[in-house]
Amino acid sequence: MGDVFGGVGRRALEEHLARLRDELGVDFCVVNGENAADGRGITPKLADKILAAGADVITLGNHTWARRELAPYLAGTERVIRPANFVRSAPGTGLAVAPARDGTQVAVINLMGSLFLDVPHSPWELVDELVEEARRRAPVVVVDMHGEATSEKVAMAFWLDGRVTAVIGTHTHVQTNDARILAGGTAALTDAGMTGPHDSVIGVKTELILSRLRTGMPVRFEPASGDVRIEGALVECDPATGRATSCETFRLALGAG
Ligand SMILES: [Fe+2]
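This one's a predicted model, so the numbers in the text were calculated from it and none came from an experiment. All residue numbers refer to positions counted from 1 along the written sequence of the respective chain. Owing to the predicted nature of the model, reporting of local features is limited to residues with pLDDT of at least 70; listing and counting of side-chain atom pairs is limited to 80 or more, with chain, interface and lining totals taken over all residues. Side-chain metrics in this entry use all non-hydrogen atoms of the structure; hydrogen atoms and water are not considered.

A short note on the packing of helix 1 (residues 6-24) against helix 2 (residues 44-53)
Then step 1. Where helix 1 contacts helix 2, the two axes come as close as 8 Å, and the packing angle between them is 20°. When the axes of helix 1 and helix 2 are compared, the pair comes out roughly parallel. Considering only the axes of helix 1 and helix 2, their crossing is left-handed. Between helix 1, through R10, L13, E14, L17 and A18, and helix 2, the contact on the second element is made entirely by L46, K49, I50 and A53.
Then step 2. Classes in brief: Ala, Val, Leu, Ile, Met, Phe, Trp, Tyr, Cys and Pro nonpolar; Asp, Glu, Lys and Arg charged; the others, Gly included, polar. Split by residue class, the contact of helix 1 with helix 2 holds six nonpolar, no polar and three charged. What counts as an axis is a line fitted to C-alpha atoms, over the stretch in contact for a helix, and the angles between N-to-C directions run from 0 to 180 degrees. Working definition: helices are DSSP H or I runs of at least four residues, strands are E runs of at least two. Numbering for both runs from the N terminus. Just so you know how the angles are binned, under 35 degrees is roughly parallel, over 145 roughly antiparallel, 65 to 115 roughly perpendicular, and the rest oblique. Each helix crossing is assigned a hand: it is left-handed if the near helix lies turned anticlockwise from the far helix by less than a right angle, otherwise right-handed if that turn is clockwise. In this description, contact between two residues means that some pair of their heavy atoms is separated by no more than 4.5 Å.

In structure tokens, the structure reads:
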């Protein structure tokens, strides 16, 4: 599922994710949760709520440390991961392994792009080692590439083609129309979109963003509430080989919010 934005996005998951999983036959669900706390960061309580709503693993991104209380929580959970290319001594890890409903082990890797985002290590420096470790532990490997630039996310999918099941981009909150299976059997989508209010500028009240952009004056961002959608990607794969067999975007419009 694409970035969950604010209480509106989180409630949409709480109300619909369990049913959607059943209806769509989803065996494993990854949710990017780094905007769950009013649009910036996530708290332990909110992470627990998203896991209880039906997420198997929560990934994060550039707002990971926005909530101070998350650091000790990350050190003690195996279901919530932060980008692997953060400072190595930071709490938490960038790789999780958990069983899908059918018993298949699934590894999830969280990386952050280095174009237009501030990362201590390039994702390219450590991705190969990380993928090797993931493949030793699970036949199915999903990569959340949290990045600003479409080019970097597309490039990472090609680099990992044939070695992982899927490379799904997050962070921009705008779902892209390029879901595909690459030649080596890796599913790729540049951005999964946003689970949250779409009558907004990527989740924030439109008038606040317009004021900031037009005047250059600082503005306190507030989450919007209208046109709530659940967005994400659906990937089918062969659990024995980890090769993807289909990849498509998912969108459910829920209305006013
Ligand atoms: Fe982000």
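Having seen the model, we can carry on.
Thoughts on the pairing of strand 8 (residues 166-170)
Then step 1. For each residue, the accessible area found with a 1.4 Å probe, counting protein chains only, is set against the maximum for its type, and the residue is called buried under 20%, exposed over 50%, and partly exposed in between. Of all five residues in strand 8, five are buried; the element is thus mostly enclosed.
Then step 2. A two-sided burial pattern is seen for strand 8, the buried positions comprising A166, I168 and T170 on one face and V167 and G169 on the other.
Then step 3. Strands pair, by our definition, only if DSSP identifies at least two bridges between them. Two strands pair when backbone bridges link them, and strand 7 (residues 140-146) and strand 8 are joined in this way by five bridges, in the parallel orientation. Each residue of the ladder has a partner; that of M145, found in strand 8, is G169.

Some words on the nonpolar core
Then step 1. In terms of nonpolar packing, the biggest core is built from 26 residues, with L13, V31, I42, I50 and I58 touching the most fellow members.
Then step 2. Sorting the residues of this core by element identifies helix 1, helix 2, helix 3 (70-75) and strand 12 (228-237) as the ones contributing at least two each.
Then step 3. Among the elements that make up this core, the one with the highest residue count is helix 1 (five residues).
Then step 4. Setting aside chain neighbours within four positions, we find I42 in contact with G33, E34, A36, A37, A47, I50, I58, L60, R67 and L70.
Then step 5. Among buried residues, those of type Ala, Val, Leu, Ile, Met, Phe, Trp, Tyr and Cys that are joined through side-chain atoms within 4.5 Å constitute a nonpolar core. In this structure, A84, L130, V131 and V141 belong to the second largest nonpolar core, which totals 22 residues.

Looking at the pairing of strand 11 (residues 194-197)
Then step 1. Of the pairings in the sheet, the one linking strand 1 (residues 3-4) to strand 11 comprises two bridges and is parallel in character. Within strand 11, the residue paired with V4 across the bridge is T195.
Then step 2. Here strand 11 pairs with strand 12 via two bridges, running antiparallel. Paired with P197 across the strands is V228, a residue of strand 12.

As for the layout of surface pockets
Then step 1. For the largest pocket, the calculated volume is near 780 Å³.
Then step 2. In terms of lining residues, the largest pocket is bounded by 38 residues, among which V26, F28, A233, L234 and V235 are the most central.
Then step 3. The set of elements that each furnish at least two residues to the lining of the largest pocket consists of helix 1, strand 2 (30-32), strand 6 (105-112), strand 7, strand 8, strand 12 and strand 13 (244-255).
Then step 4. Looking at the lining of the largest pocket, the element that brings in the most residues is strand 12, giving six residues.
Then step 5. Each residue belonging to the lining of the largest pocket can be placed in one class, and the counts come to 24 nonpolar, eight polar and six charged.
Then step 6. Lining residues are those with an atom within 4 Å of a point, where the points come from a 1 Å grid over the protein atoms alone and group into cavities, where a 1.4 Å probe fits but cannot get out, or pockets, open sets with protein on both sides within 12 Å along at least five of seven lines. Grid points are joined across faces, edges and corners, and a volume is the space filled by probe spheres set on the points. Roughly 570 Å³ of volume is contained in the second largest pocket.

A closer look at the coordination of the iron ion
Then step 1. With water excluded from the atoms, a metal site may look incomplete; its donors are any N, O or S atoms within 2.8 Å, or within 3.2 Å for Na, K and Ca. Only E34 (OE), N62 (OD1), H146 (NE2) and H171 (ND1) from the protein reach the iron ion as donors, at distances of 1.9 to 2.2 Å.
Then step 2. The motif formed by the donor residues of the iron ion, counted along the single chain, is E-x27-N-x83-H-x24-H. In this pair, N62 sits in the loop between strand 3 (57-59) and helix 3 while H146 sits in strand 7, placing the two residues 84 residues apart along the sequence.
Then step 3. We classify N62 as partly exposed; its relative accessible area is 28%.

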